[in-house]
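# Observations on the model geometry
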Amino acid sequence: MKKILITGCNGQLGRAIQKEYGDTVTFIRTDMVAGDGVEALDITDLEAIREIANRTKPDGIINCAAYTNVDGCETNEEVAYAANAIGPKNLAIVAKEIGAKLFHISTDYVFNGKGTRPYVESDLPDPVSAYGRTKAAGEKFVQEECDTYFILRTAWLYGEGKNFVKTMLSLAENHSEISVVCDQLGSPTSAVELAKMIHYLGETEAYGIYHATCEGDTNWADFAEEIFKRMGKNVIVHHVTSEEYAAMNPASANRPKYSILDNQKLHQLSADFQMANWSDALDVYLDTLR
Ligand SMILES: NC(=O)c1ccc[n+]([C@@H]2O[C@H](COP(=O)([O-])OP(=O)(O)OC[C@H]3O[C@@H](n4cnc5c(N)ncnc54)[C@H](OP(=O)(O)O)[C@@H]3O)[C@@H](O)[C@H]2O)c1
């Protein structure tokens with residue numbers, strides 16, 4: 001891809017993508033709010049996408065835009081559906097019209113979390129939250145509307161922006177003890193690693209759905225302890241169950257308990273590129289915060 005239309009360019013993944021490619025490609029940078037070199041583009045607006053695509057003629061579209069507040073989706077499912085389902089549908093329609101590759105990012109939360117082995121790409125979505133429902137609908141639309149798509153399901157993403165790692169470090173400023181859920185398993189994933197995978201796949205025509213998480217797994221409480229240990233913070237982490245956490249935070253969405261994804265398709269496709277282990281990727285990220 002030489003000319004890339006990027007949506008949600010100021011989000012965590014959007015920023016990582018721009019760093020990953022540097023000046024090797026031309027970016028048409030868009031987000032909800034216009035800014036320095038950034039055009040306003042709301043992906044729920046089909047005609048606006050069509051206009052910018054026909055004007056700039058990208059050969060790739062990377063959709064980093066989404067409504068990502070998992071708890072907020074429960075009370076704003078209509079708004080979330082517009083961004084997470086109608087938005088990617090619109091992008092897929094336009095990608096097909098202009099013959100561009102489309103990258104769309106999805107989530108481990110499309111699964112119900114009742115699994116007992118890592119989910120592979122062919123497992124069927126069965127979301128247990130509004131966020132998961134809207135993201136699963138987005139995946140379906142992309143598959144229906146466009147042939148040249150890559151759907152990457154990622155999880156527990158952190159980068160430049162609001163995320164779990166930064167929340168933990170900010171809590172450490174004024175708490176000596178915190179309670180973190182210990183019965184949800186998953187793979188913390190660095191936006192830098194996800195951007196590398198997108199770059200790698202963008203050079204191929206191996207279209208389809210991919211699982212795209214850092215290798216290895218943990219649970220939120222152990223993850224929090226690793227963050228504190230590596231950053232020299234003295235915080236006691238109380239390990240609580242999802243049910244105990246929900247009792248303390250009634251507005252929180254239902255989340256899958258077993259959320260480990262197997263990057264099976266990438267393992268089969270590539271002998272030279274794989275995602276880093278989550279622990280190594282975390283070290284690289286924490287170095288940027290020191
Ligand atoms: N974060 C995670 O833990 C996680 C886990 C699994 C999958 N994912 C997926 O990974 C992708 C990237 O996530 P991220 O963490 O980088 O997201 P993020 O940091 O929340 O950034 C999302 C960006 O999209 C923009 N946006 C929201 N609605 C839009 C719309 N209708 N039209 C155009 N732009 C819109 C946001 O603008 P405003 O800030 O102005 O709203 C923001 O700049 C998303 O598809 C997400 O669902 C994320």
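The structure reproduced in this document is the subject of the present report. Predicted model only: the values in this text are computed from it and were never measured.

### Here's the deal with the overall build of the chain
- When helices and strands are tallied, the chain shows 11 helices and 13 strands.
- By the compact-globule yardstick of 19 Å for 290 residues, the chain fits well, its C-alpha radius of gyration being 19 Å.
- Judged by the C-alpha coordinates and their principal axes, the chain covers about 55 × 40 × 35 Å.
- Per-residue burial over the chain gives 53% buried out of 290 residues.
- Long-range pairs, those at least 24 residues apart, make up 79% of the contacts in the chain with a sequence separation of at least 6.
- Accessible surface, the chain: about 12,800 Å² in total, of which carbon and sulfur atoms supply 50%.
- Computing the positive centroid from 27 side-chain charges and the negative centroid from 42, the chain places the two 3 Å apart.

### Comments concerning the site of the ligand
- In the vicinity of the ligand there are 23 residues, among which Leu13, Asp31, Thr68, Tyr131 and Lys135 approach most closely.
- Lysine 135 places a polar side-chain atom, nitrogen or oxygen, 2.8 Å from an oxygen atom of the ligand.
- Of all the elements in the fold, those that place two or more residues in the shell around the ligand are α1 (12-21), β5 (101-107) and α5 (130-145).
- No other element matches β5, which puts three residues into the shell around the ligand.

### Brief notes about the sheet that holds strand β2 (residues 26-31)
- Read from one edge to the other, the open sheet built from seven strands follows the order β3-β2-β1-β4-β5-β6-β11, with strand pairing classed as parallel. Looking at which strands have only one partner, the edges of the open sheet turn out to be β3 (39-40) and β11 (208-211).
- Alignment of strand β1 (residues 3-7) against β2, held across four bridges, turns out to be parallel. In the strand pairing of β2, lysine 3 is matched with threonine 26.
- Of the strands in this sheet, β1, β4 (60-63) and β5 touch helix α4 (residues 77-98), which is tilted by about 175 degrees from β4.

### Some words on the nonpolar core
- Counting residues in hydrophobic clusters, the biggest one holds 34 residues, and the most contacted among them are Val165, Val180 and Phe223.
- When residues of this core are traced back to their parent elements, those giving at least two are α3 (70-75), α4, α5, α6 (164-171), β8 (177-181), α8 (220-230) and α11 (278-289).
- Looking at this core, the element that brings in the most residues is α8, giving six residues.
- Not counting residues within four places of it along the chain, the set of residues in contact with phenylalanine 223 comprises Tyr158, Phe164, Val165, Pro188, Thr218, Trp278 and Leu282.
- One finds Val25, Ile105, Ala191 and Ala212 within the second-largest nonpolar core, a separate group that totals 29 residues.

### Some words on α6
- Taken together, the buried positions of α6 are occupied by Phe164, Val165, Met168 and Leu169. Seen end-on, α6 carries its buried residues on one side only, within an arc spanning 135 degrees.
- Next to the buried residues of α6 lie β7 (157-158), β8, α8 and α11.

### Let's talk about the pattern of salt bridges
- This model, assessed by the stated rule, comprises 18 salt bridges.
- Through salt bridges with shared partners, a single network forms among Glu226, Lys229, Arg230 and Asp283.

### Digging into the environment of asparagine 277
- Tracing the backbone shows asparagine 277 in the loop between α10 (264-269) and α11.
- Separated by 40 residues in the primary sequence, asparagine 277 and valine 237 place their C-alpha atoms 23 Å from one another.

### Description of the side chain of serine 279
- Structurally, the position occupied by serine 279 is in helix α11.
- A residue is classified by how much of its surface remains accessible, and serine 279, at 19% relative accessible area, is buried.
- In terms of polar contacts, serine 279 uses its side chain to reach the side chain of arginine 230, at 2.7 Å.

### Some remarks on the packing of aromatic side chains
- Here the structure, examined in full by the defined rule, presents 15 aromatic pairs.
- For the pair phenylalanine 164 and tryptophan 220, a centre-to-centre distance of 4.6 Å together with 45 degrees between the ring planes defines the contact as tilted. Here phenylalanine 164 is found in helix α6, whereas its partner tryptophan 220 is found in helix α8, with 56 residues between them in sequence.
- The exposure class assigned to tryptophan 220 is buried, which follows from its relative accessible area of 13%.
- Aromatic rings pair up to connect Trp156, Tyr158, Phe164, Trp220, Phe223, Trp278 and Tyr285 into one cluster.
- The lysine or arginine in question, lysine 265, covers the ring of tyrosine 210, its NZ or CZ lying 4.7 Å from the ring centre.

Reading the values: rules and limits
- Every chain is numbered independently, its residues counted from 1 as its sequence is written.
- Residue-level local features of this predicted model are given only where pLDDT is at least 70; pairs of side-chain atoms are given and counted only at 80 or more, and the full residue set underlies all totals for whole chains, interfaces and linings.
- Side-chain metrics rest on all non-hydrogen atoms present in the structure, leaving aside hydrogens and water.
- Each helix corresponds to a stretch of at least 4 residues labelled H or I by DSSP, and each strand to a stretch of at least 2 residues labelled E; elements are numbered beginning at the N terminus.
- Note that the radius of gyration is over C-alpha atoms, with the globule rule given as 2.2 Å times the number of residues to the power 0.38.
- Relative accessible area decides the class of each residue, using a 1.4 Å probe on protein chains only: under 20% of the type maximum gives buried, over 50% gives exposed, and in between gives partly exposed.
- By definition, residues are in contact when any of their heavy atoms lie within 4.5 Å.
- Note on areas: Shrake-Rupley with a 1.4 Å probe; residue coverage comes only from the protein chains shown.
- Residues counted as positive are Lys and Arg, residues counted as negative are Asp and Glu, and His and the chain ends are not counted.
- Charged side chains are reduced to one point each, which is NZ for Lys, CZ for Arg, CG for Asp and CD for Glu.
- Nearness here has a simple test: a residue counts as near a molecule or strand if at least one of its heavy atoms is within 4 Å of that partner.
- Think of a polar contact as two N or O atoms within 3.5 Å of one another; within protein, one of them needs to be a possible hydrogen donor and the other a possible acceptor, and neighboring residues in sequence only count if both atoms come from side chains.
- Pairing between two strands requires that DSSP report at least two bridges joining them.
- Helix axes are fitted only over the stretch in contact, all axes being lines through C-alpha atoms; the angle between N-to-C directions runs from 0 to 180 degrees.
- We call a set of buried Ala, Val, Leu, Ile, Met, Phe, Trp, Tyr and Cys residues a nonpolar core when their side-chain atoms join them within 4.5 Å.
- By construction, the arc corresponds to the directions joining the helix axis to the C-beta atoms.
- What makes a salt bridge here is a side-chain nitrogen of Lys or Arg within 4 Å of a carboxyl oxygen of Asp or Glu, nothing more.
- A pair of Phe, Tyr and Trp rings is counted when the ring centres sit within 6.5 Å of each other, with Trp represented by its six-membered ring. The angle between the planes then sorts it: under 30 degrees is stacked, over 60 is edge-to-face, the rest tilted.
- Charge-over-ring contacts are defined here by two conditions on Lys NZ or Arg CZ: a distance within 6 Å of the ring centre and an angle within 35 degrees of the ring normal.

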